[in-house]
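Each chain, written out:
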Amino acid sequence: MTTTSARAGAYHHLWAKSLRPEDGGPWRWSSLWTHLTDTAAVMRLLWDWAGAPVRRVIAADAAGDDTAAREVAVLAASLHDIGKGTPAFAGQVEPLRIELERQGYRWPAGYDSAHSRDLPHSVAGHHLVEQMLIGRGVDKVSAEAFAVIIGGHHGVPPTKSELNDVFDRAHLLGDGAWREARVELVEDVVQTLGLEAALDSLATVRLSDASQILLTALVVMADWIASNADLFPLVPIGTHCQGDPTERAARAWREFGFPERWLPTTEALTADATALLRARFGVDYEANRLQQAVLEAARGMAEPGLLLIEAVMGGGKTEASLLAAEVFAAKFGCSGVFYGLPTRATADAMLDRVLVWWQNVPGLDRGDRNIALRHGNAGLNDTYRGLPRRSRRDETNSIAASVPEEAPLEGSHILDVGRDEPSAPLWDGRRTMDGTAVAHYWTSGRKKAAFADTVVGTIDHELLAALRSRHVVLRHLGLARQVVVLDEVHAADTWMFVYLERALEWLGRYGVPVIAMSATLPPDQRQRLVDAYENGRRWVPPSHERRETFGELPQVPVHDAYPLVTALSAACVTQRSADPGTPRPVSMAWLTDDVDHLVREIEPVVTAGGCVLVIRNTVRRAVETYRALQPVWGEAVTLAHSRFIGFDRLRKDDWLRSTFGRGDGDRSGRIVVATQVAEQSLDIDFDLLVTDLAPIDLILQRVGRVHRHLERTRPTAAQTPRCLVTGVAPRERGDVPEVDRGSAYVYGEYRLLRSAALLDEIVAAGGHVTLPSDVPSLVRRCYSDEPVGPPVWQLALDAARSRAETEQAALVSAAGVYRLVGPGKRRSLIGTLSVSVGEAETSTDVARQVRRSDGGFEVVLLRYAVDGLSFLPHLGDTRRIPTDRVPERDVVRLLARSMVRVPAVVTSRPEWTDRVLNDLSRNYFSAWQRDAVLGGQLILLLDESNCGTLGPFQVTYHDEVGLGVQW
DNA sequence: AACAAAAAAAAA
Ligand SMILES: [Fe+3]
Ligand SMILES: [Fe+3]
């Protein structure tokens, strides 16, 4: 439906998109007018999708007027690519440039299409819009706050210096015909969409930083939709797209088939807890005390806030959190849930449970509901892949998902895309072996994942909202629509906590209800979470020059209870405790750190048919212990740690679960030697526990593995649950312990000494702890600085403390370099993602990551033979693996399960790193790079005896011992 | 020259 140039006015020849002809077909294009009006019309539709919380944030800057706020959003969308109306951009495509020249446009002498990079259209657009607003009498601060949405519509807002440079590049901006055309274009667009009032409103609307972020994200999303050539087809050059933009957008939106957002009912606000539980999860049992307490707490929260649930694993927390999430969604208008977990494996498991809830939870919405799984290997999850790929409103109710495409999009060559932008992404691409960034993960699911109503993923996807990274605004928009649930918060280390706090500030600012679940937290961390959320919530409209005075931050009472439910709402903290369950006494004792003593303790238990778990703090110690026990007990000894390929880890986890889980496993006489992998979420039970000294919370977590299943009958030698703590050099009673060096590296000497002092106390008092009632006070004391231990320890404790404080401070400051600025700190987003070279080089620990990397890295472990690559033989798949193309799906899956982490030693010196990377670079297969799972992965090849070389190191792999690195 | 576990990484 096109005709030859129907519209008068030279501005109609400005272009936004062009399509390079394939096989010599005619050029196609989209005029700037078309693209701007399309994007603006899409924005009007997106406004409803955005949901109440997002709209409230933006409307607050427009005197609470939702319609006025929407029109500001539409205006921003209608101007987003105005920077394409410049010689810098418009000269890039020859045939379009020739047409423009015919219309009277002129290019500066010596213009070359490479000049477009000197003035990216986003930066030009920011400049033009800011100048236009200032010309209309808008003050500079408000003008910048609006203009930066245009400046940031490609994911990175411009910096001050980039904006200053525009003044020196006026020739690329263009005057005369260019300026006139832009003025006419804006007039036409504004009139077409009825945006006159919105334009006038900018004189009084000063957008806050939060609104700037959400509006930028909405513009990006509208732009992506309006740039989809299936929904908004390009037309042959010389013709113009016909039809009313609003109608075009409405048709496109229907075709797009985006599921209607979840509109929760008010049922959860009043219904009985047990009735809700049964209806949402299809169970027949009654709601427990914790679930009731959580539901009550959520109902009692008048404003969006933070709900902190400290309780043991398996206490019905997941169900409790989703009931609370439904309450919040009903109260505050959230469209779904973000459920964040610390690992991909736990996220995979959670998807199944959240799916049940998502299918059962009632709503006023009709049709499908959107859900996404968000983590690196989401594409390998069968549940996720099994969900319908696309949804249409007229089909029956089902869950729709955005599942990654099998293969990257090929054959389309949209030319304008980012052509005038520096090509390096803000994210440092994966370091590849030939030194160039080739890490192109491409899946259609990835981008859509942020837009799903409900998302299950790794907690990283919440933490990433606090990282200075390209398109971080999309993460904000996604989360601002949701109730955020974070599980196993205690697992966050110092580095992650830095990001967790900042992310909570922003969530508090957006009024996003947050449910955080954890084992007992030290009071200090509890307070910091509350402070972060509350600090974000306390914002001042940017039009107010003076900062309003708020009261003191609410203090969280120190309450040694477990389980404990802490609720922050409207600047008030309330706490509830729930039923702690059956008290479990466990006897605790020290054990001398050598093989003889260990054997002597294990022997009677094993002989009597019991089973033993030995947890070591380092892989080295675990392997040593395994090797020492094997001569005595042979096959009865099993080793578990993280330096196994995924295939073996799954195999071992399954075996652990079936052998030591509930039910009758073949557990008699068995010994498991493990690192911290056995501390994680496995529901396994042993008759005796031996553990290295660790911070007390982790010891208690490990203690949770001994006599975990109360109903089980035990051998006489293990009638009482016992935990033996070792990993400390022999000492006289009362002496300062000398902790193992590796343990000190992992946990820090200070925390270990404090933990040892508490254990000495326990032993001196009879050698018993009672779970869970003793947990809170022990955790509190281990993580505070209050005096512990006898007087002779104090010197050592003080020294260790000051070292710990120095290290902690260094880590926090390194982690903070790439952290986003908090809400309310800046008037505009200008430069908000940039980090100066000076800052970035303050320490070698500085990294643009939400988790600290230790220098180790993952490799795919494969066997090399003359006729090609194959899997390690014990995987039982003898196929040769093709390297000239992306292998079949099941091969890719097995490749993903052939991954193992190489320890950090190999990169502990730059010269080794170089040699290691050099070795790995030989196994670079360009055909694999376009696969989402394989792209950028490092490959390590082993010979027939499972040996390989990595720079100066020899590598071995054994399916029962794991990866060994020797030198 | 020793030292866990865990995750991330495309655009209009
Ligand atoms: Fe653009
Ligand atoms: Fe655009």
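Residues numbered from 1 in each chain as written. Chains lettered and ligands numbered in written order. Predicted model: local features only at pLDDT ≥ 70, side-chain atom pairs only at ≥ 80, totals over all residues. Heavy atoms only, no water.

- In the annotation of an unreviewed UniProt entry, chain A is listed under the name CRISPR-associated helicase Cas3 and assigned to Miniimonas arenae.

**Re the packing of aromatic side chains**
Okay, step 1: Summed over all chains, the structure comprises 20 aromatic pairs.
Okay, step 2: Aromatic side chains W107 and W178 sit 5.1 Å apart centroid to centroid with 85 degrees between the ring planes, which places their arrangement in the edge-to-face category. Of the two residues, W107 sits in the loop between α5 (94–102) and α6 (121–135) while W178 sits in helix α10 (residues 177–193), which places them 71 residues apart along the sequence.
Okay, step 3: By relative accessible area, W107 is classed as buried at 11%.
Okay, step 4: Looking at R481, its charged tip hangs above the ring of W49, at a distance of 3.8 Å from the centre. (Phe/Tyr/Trp six-rings, centres within 6.5 Å; stacked < 30°, edge-to-face > 60°. Helix = DSSP H or I, 4+ residues; strand = E, 2+ residues; numbered from the N terminus. Buried < 20%, exposed > 50% of the residue type's maximum accessible area, 1.4 Å probe, protein only. Lys NZ or Arg CZ within 6 Å of the ring centre and 35° of its normal.)

**Description of the coordination of the iron ion (ligand 2)**
Okay, step 1: Protein-derived ligands of the iron ion (ligand 2) are H35 (NE2), H80 (NE2), D81 (OD), D223 (OD) and D223 (OD), with the metal-ligand distances lying across 2.1 to 2.8 Å.
Okay, step 2: Between the donor residues of the iron ion (ligand 2), the gaps in sequence give the motif H-x44-H-D-x141-D.
Okay, step 3: Between the two metals, the iron ion (ligand 2) and the iron ion (ligand 1), the spacing is 3.6 Å, and D81 donates to both. With H35 in helix α1 (residues 32–50) and D223 in helix α12 (residues 209–226), the pair connects residues that are 188 residues apart, well separated along the chain. In this structure, H35 and D223 share a single accessibility class: buried. (Donors = N, O, S within 2.8 Å, 3.2 Å for Na, K, Ca; no water.)

**Side note on the sheet that holds strand β3 (residues 28–31)**
Okay, step 1: As summarised here, the arrangement of the three strands in space is β2-β3-β4, forming an open sheet in which the pairing is antiparallel. What marks the edges here is a single partner per strand, and that holds for β2 (15–19) and β4 (235–236).
Okay, step 2: Inspection of the sheet shows β3 paired to β4 by two bridges, in the antiparallel sense. Residue R28 lies in a different strand from β4, and its bridge partner there is P236.
Okay, step 3: Across the sheet, α1 touches β2 and β3, and the angle it forms with β3 is around 60 degrees. (Pairing = 2+ DSSP bridges. Contact = heavy atoms within 4.5 Å. Axes fitted to C-alpha atoms, helices over the stretch in contact; angles between N-to-C directions.)

**Thoughts on the sheet that holds strand β16 (residues 612–615)**
Okay, step 1: The seven strands lie next to each other as β17-β18-β16-β19-β20-β15-β21, forming an open sheet whose pairing is mixed. The outermost strands of the open sheet, each flanked by one partner alone, are β17 (637–640) and β21 (768–771). Strand-to-strand twist of the sheet, defined as the mean angle between neighbouring strand axes without regard to direction, takes the value 20 degrees.
Okay, step 2: In this sheet, β21 lies alongside strand β15 (residues 584–590) in antiparallel orientation, the contact comprising four bridges. The partner of P585 across the bridge, within β21, is T770.
Okay, step 3: Sheet strands in contact with helix α26 (residues 619–633) are β16, β17, β18 (671–674) and β19 (688–692), and its direction is about 170 degrees off that of β17.

**Examining empty space enclosed by the protein**
Okay, step 1: Applying the stated rule across the entire model yields 10 cavities of 30 Å³ or more.
Okay, step 2: Reported here for the largest cavity is a volume of approximately 140 Å³.
Okay, step 3: If you trace the largest cavity, you find 17 residues lining it, with I213, L820, L829, T832 and L833 closest to the centre.
Okay, step 4: Sorting the residues of the lining of the largest cavity by element identifies α12 and α22 (472–480) as the ones contributing at least two each.
Okay, step 5: Looking at the lining of the largest cavity, the element that brings in the most residues is α12, giving three residues.
Okay, step 6: Here the lining of the largest cavity spans two domains, and each of domain 1 (14–255) and domain 2 (267–543 + 552–577) adds at least three residues to it. (1 Å grid on protein atoms, 1.4 Å probe; cavity = no way out; pocket = protein on both sides within 12 Å on 5 of 7 lines; lining within 4 Å. Points joined across faces, edges and corners; volume = space filled by probe spheres on them. Domains from an automatic or database assignment.)

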